[in-house]
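Listed here are the chains, written in short residue letters.
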Amino acid sequence: MESIVIQGGVPLQGSVESSGAKNAALPLLAAAILADGPVTFHRIPHLNDISTMTNLLAWQGADVIYDDKDCLTIDTREANKPEAPYEMVKTMRASSLVLGPLLVRFGEARVSLPGGCAIGARPIDLHLKALEVMGAEISVEHGDVIAKAPNGLHGGRIFFDQVTVTGTENILMAAVLAKGETVLENAAREPEVVNLADSLRALGAKIEGDGTDTIRIQGVERISGGDIFTIADRIETATYLAAGLITGGDVTVTKTDPKLLDAFLARVKEAGATVEVGDDFIRCAAPERLQAVNIHTMPHPGFPTDLQAQFMAMMCVAEGTSLVSETIFENRFMHVQELVRMGADIQLDGHTAVIKGVKKLSAAPVMATDLRASASLVLAGVAAEGETVVSRVYHIDRGYERIEEKMRSLGANIERHYI
Ligand code: EPZ
């Protein structure tokens, strides 16, 4: 079991580069299934979920060639197994992203139903309902989704009862090769959806409206291979900016895009941070003491649920009382009790956490439970005086490339222990 050991209390300073976004790369890799030629992906982060996805594509029969450190080429023309078996995808919830592409290309697909996860039930009922509107016959047997579309998929009007990011991405990909027009309403507006639409257009897809809540897709016969570029990871970016702010430091993240973080930057300014932005960098310098600020997670362009835990860690040492409301997932407060172990004053009231800022957190052994909760514990650890040990760090490796290396480059005293 691996743990991250932190000697905290040092203000973090300096600059760190953002990696490509995990939540953009996963749907982009799945889109390779649609391409009638090799696709070269640029700026793919080295993360466990990414390896799971590329291993799955290779298992389906695709050629996967790593060209250099963060670039790879995938050619799915020889792929002939439209499946995603449980054993291969049980650790990666985003396996549902291959369902739409496999079904529209092969006329059938068998994909393991994603299991539950720490932050919530996370069903994919909206994905399946949308595929049925497009002509698919769907059944669930022995934990797998069995989808059939012997006559191919046809377009239709799909209204998502709830905004779903991977649901929008899954159906967007299926619609690219479906017959006729598909209209997605109440679609997700996340930058990762726009990155996917931009990339599919570059390969010949006919898509408009991405980035708004209504996306129109005209089905085409085929899309070609080509080059695809992953956007910066906005959640990783904000996590390192938060590391600077929670320690009273001054951190710059480069190779990123300030336009992806409007809601987060607005809140940290309210909390007293000095924010400087350029075309591809963001700098946040901490005030004497952060001020309490309320947040309410929402679909993009609202405050991202993936930054809720990290923002809460900052509010634990802010002056005043803040309210953090989680509206997207039903159980995304697993970090609260661990932060309380480190001296935070947090009361839970349903989907709202009431945080009374304390002057200092106290280092302690804590346990990661999910990806973003683990990030918030690392932030608390670099802020707290003394030694914090975060166990079960496999959670954090799913979303943060080389986290201890990047934190060390900002002056953190942080190591990975293999015990
Ligand atoms: C994506 O998950 C992200 N993952 C998540 O990031 C992110 O937290 C989430 O979007 C919200 O922004 C990837 O992009 C790979 P949803 P996704 O479908 O698509 C409910 C991280 O930390 N829902 O937008 O699975 C669902 O239960 C991860 O990087 C249904 O009820 O999330 C949730 O309450 C965590 N039925 C809400 O909608 C469905 O069919 C939003 O989920 C689909 C979703």
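Okay, so let's go over this structure. (Residues numbered from 1 in each chain as written. Predicted model: local features only at pLDDT ≥ 70, side-chain atom pairs only at ≥ 80, totals over all residues. Heavy atoms only, no water.)

Let's talk about the sheet that holds strand E14 (residues 226-229)
If you walk across this open sheet you meet the four strands as E4-E5-E3-E14, and the pairing is mixed. In the strand order of this sheet, the two ends are held by strand E4 (63-68) and E14, each with one partner. Ignoring which end each strand starts from, the neighbouring axes of this sheet average 20° apart. (Pairing = 2+ DSSP bridges. Helix = DSSP H or I, 4+ residues; strand = E, 2+ residues; numbered from the N terminus. Axes fitted to C-alpha atoms, helices over the stretch in contact; angles between N-to-C directions.)

Quick word on the environment of Gly-9
Its location among the elements puts Gly-9 in the loop between strand E1 (2-8) and strand E2 (13-17). Spatially, the C-alpha atom of Gly-9 lies 9.7 Å from that of Ala-380, the residues being 371 residues apart in sequence. The residues touching Gly-9, leaving out its near neighbours within four places in the chain, are Val-382, Ala-383, Ala-384 and Glu-385. (Contact = heavy atoms within 4.5 Å.)

Side note on the packing of aromatic side chains
Taken as a whole, this structure holds two aromatic pairs when the rule is applied. Relative to Phe-303, the ring of Phe-264 has its centre 6.5 Å away and its plane inclined at 45°; by these criteria the two rings are tilted. Taken together, the residues Phe-264 in helix H9 (residues 262-270) and Phe-303 in the loop between strand E18 (295-296) and helix H10 (308-315) connect sequence positions 39 residues apart. Accessibility assignment for this pair places Phe-264 and Phe-303 in one class, buried. Put simply, the rings of Phe-264, Phe-303 and Phe-311 touch in pairs and so form one group of aromatic residues. Sitting over the face of the ring of Trp-59, Lys-81 holds its NZ or CZ atom 4.1 Å from the ring centroid. (Phe/Tyr/Trp six-rings, centres within 6.5 Å; stacked < 30°, edge-to-face > 60°. Buried < 20%, exposed > 50% of the residue type's maximum accessible area, 1.4 Å probe, protein only. Lys NZ or Arg CZ within 6 Å of the ring centre and 35° of its normal.)

What to know about helix H5 (residues 125-133)
Along an α-helix, residues three or four positions apart point the same way, because every turn accommodates 3.6 residues. Within H5 the residues assigned to the buried category are Leu-126, His-127, Leu-128, Ala-130 and Leu-131. In the core, the buried residues of H5 are packed alongside helix H4 (99-106), strand E8 (137-141), strand E9 (144-148), strand E10 (157-159) and helix H6 (165-176).

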